[in-house]
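Architecture and fold: a report
These are the residues of each chain, in order.
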Amino acid sequence: RLWLQSIIGGRAPGQRRALDDGRLATALALLGANEREVARSTLFDLRWSFSHSSHDLLDIAIAASDVGLDDVAFSAATSVLALLTPQQRLGTPLAIERLSYPLLFGDDFRAIAVDAGVPPLLLLALVREETAFNPDAVSFADAVGLTQVIGPTGEQIAATLGVPWRPSDLLIPDRSLRFGASYLADQIERFDGNIFAALSAYNGGPHNAARWLEAQWWPGAAGYIATIDFSETRRYVERVIEQYAWYRHLYAGLRRPRFADR
């Protein structure tokens, strides 16, 4: 809180505070009564009410993290960082960066990724970009769940995994993660470990990923990304890789990404 005040100044006099809002106390009481989902919804409502106040967003992120509602904390902390300039981001305390890049889903997540042969932090970066950790997400293209798998692809993955195919399974977090990890692993293998091509295949389809790889004339990651002629897929690959770099910095001790997340 002191860091944020040093960056953007203090609150305006008389400004109402999220910590004094009755919804916070209500959410905590609901948690005490084992009404986790209602508490989560209440805190999200509070978070959106203060979406333009960095100080209150940080207060909400810390409060949500303290009670284990990491997806609420992620949403609020990410908005705090989004309101800063890249230069201001350079001094962000590690604890706040980690709220924005959380390790969600516990040991099950790591086990699913390792079992599929996918780097766990890469899978986290993919889920963060796909759905911002919302297990109920459904896209305009009918991609469903945390890893945004469409029905025909889900049926294909189920056959590969040797499990029954039920479309509703994609709304169950651990099953969606397993399906997404399996499909990503298949693309990484298909493209001989080329993560950039694998991610473009995940978003834009394997046929297009192969076409872009064949058209590449400039070596390296930048050369491949430059050949992607779907703007959505190009941006998708860039953002997942950027978020993967942040995860590796925050949890694996690698160098801080050169440019702040946007």
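These remarks concern the structure in this document. Only a predicted model underlies this, so the values are computations on that prediction, with no experimental measurement involved. (Residues numbered from 1 in each chain as written. Predicted model: local features only at pLDDT ≥ 70, side-chain atom pairs only at ≥ 80, totals over all residues. Heavy atoms only, no water.)

With respect to the overall build of the protein chain
For clarity, the cut-off: Only DSSP runs of H or I covering at least 4 residues are called helices, and only runs of E covering at least 2 are called strands; the numbering of each starts at the N terminus. Radius of gyration means the value over C-alpha atoms here, while the globule rule gives 2.2 Å times the residue count to the 0.38 power. Burial classification: accessible surface area is computed with a 1.4 Å probe over protein chains only, and a residue below 20% of its type maximum counts as buried, one above 50% as exposed, and the rest as partly exposed. Residue burial considers only the protein chains on display, and all accessible areas are found by Shrake-Rupley using a 1.4 Å probe. Counting rule applied: Lys, Arg positive; Asp, Glu negative; His and chain ends not counted. Charged side chains are reduced to one point each, which is NZ for Lys, CZ for Arg, CG for Asp and CD for Glu.
Secondary structure summary: the protein chain contains 15 helices and zero strands in total. Radius of gyration (C-alpha) of the protein chain: 20 Å, near the 18 Å computed for a compact globule of 262 residues. Taken over the C-alpha atoms alone, the protein chain extends approximately 60 × 45 × 35 Å along its principal axes. Residues counted as buried form 45% of the 262 residues belonging to the protein chain. Approximately 13,200 Å² of the protein chain is accessible, and the part contributed by carbon and sulfur atoms is 54%. Here the protein chain carries 25 positive and 30 negative side-chain charges, and the mean point of each set is 7 Å from the other.

Quick notes on the packing of helix 12 (residues 195-204) against helix 13 (residues 206-215)
The test is simple: Note on geometry: axes are C-alpha line fits, over the in-contact stretch for helices, and angles between N-to-C directions span 0 to 180 degrees. Our angle categories are set so that under 35 degrees counts as roughly parallel, over 145 as roughly antiparallel, 65 to 115 as roughly perpendicular, and the remainder as oblique. Put simply, a crossing is left-handed when the front helix is turned counterclockwise from the back one by less than a right angle, and right-handed when it is turned clockwise. Two residues qualify as a contact provided that any one of their heavy atoms is within 4.5 Å of a heavy atom in the partner residue. Note that Gly is not counted as nonpolar here; it falls among the polar residues with everything else outside the nonpolar set of Ala, Val, Leu, Ile, Met, Phe, Trp, Tyr, Cys and Pro and the charged set of Asp, Glu, Lys and Arg.
One way to put it is that helix 12 packs onto helix 13 with a least axis distance of 7 Å and a crossing angle of 140 degrees. Considering their axes alone, helix 12 and helix 13 lie oblique with respect to each other. In the packing of helix 12 onto helix 13, the handedness of the crossing is right-handed. Together, A197, S200, A201 and G204 of helix 12 and P206, N208, A209 and W212 of helix 13 make up the contact between the two elements. Grouping the amino acids of the contact of helix 12 with helix 13 by side-chain chemistry returns five nonpolar, three polar and no charged.

Here's the deal with the pattern of salt bridges
To be explicit about the condition: By definition, a salt bridge exists where a carboxyl oxygen of Asp or Glu is found within 4 Å of a side-chain nitrogen of Lys or Arg.
In this structure the tally under the stated criterion is 16 salt bridges. A salt bridge links D45 to R23; its shortest N-O distance comes to 2.9 Å. Pair noted here: D45 is in helix 3 (residues 36-49) and R23 is in helix 2 (residues 22-32), with a separation of 22 residues, a long-range link. The partly exposed category is assigned to R23, whose relative accessible area is 22%.

Structural notes on the nonpolar core
Note the threshold: Residues grouped as a nonpolar core are buried Ala, Val, Leu, Ile, Met, Phe, Trp, Tyr and Cys residues, joined through side-chain atoms within 4.5 Å.
L126 and L184 are the most contacted members of the largest nonpolar core, which has 46 residues in total. The set of elements that each furnish at least two residues to this core consists of helix 8 (106-116), helix 9 (120-131), helix 10 (151-161), helix 11 (173-190), helix 12, helix 13, helix 14 (220-227) and helix 15 (231-252). Beyond its immediate sequence surroundings of up to four residues, L126 is in contact with L184, L199, Y202, Y236 and V240. One finds A39, L69, A77 and L81 within the second-largest nonpolar core, a separate group that totals 27 residues.

Considerations on the layout of surface pockets
Leftover empty space is mapped by rolling, across the atoms, a probe with the size of a water molecule. Convention followed: Points on a 1 Å grid, built from protein atoms alone, make a cavity when a 1.4 Å probe fits but cannot get out and make a pocket when they are open with protein on both sides within 12 Å along at least 5 of 7 lines; residues with an atom within 4 Å of a point are the lining residues. Grid points are joined across faces, edges and corners, and a volume is the space filled by probe spheres set on the points.
For the largest pocket, the calculated volume is near 510 Å³. Along its surface, the largest pocket is lined by 20 residues, and E130, A143, Q148, Y202 and N203 are the ones closest to its centre. Counting only elements with at least two residues in the lining of the largest pocket, the list comes to helix 9, helix 10, helix 12 and helix 15. Residue composition of the lining of the largest pocket, by class: 11 nonpolar, six polar and three charged.

As for helix 5 (residues 70-82)
The following threshold applies: Multiplying 1.5 Å by the helix residue count minus one yields the expected span of that helix.
Counted at 1.5 Å a residue, the expected span for helix 5 with its 13 residues is 18 Å, and the 18 Å between its end C-alpha atoms agrees. Within helix 5, 10 of the 13 residues are buried, which leaves it mostly tucked inside the rest of the structure. Taken as a whole, helix 5 has its buried residues at D71, V72, A73, F74, S75, A76, A77, S79, V80 and L81. Check the buried side of helix 5 and you find it contacts helix 1 (2-8), helix 3, helix 4 (54-66), helix 6 (86-89), helix 7 (94-100) and helix 9.

Structural measurements only, silent on function.
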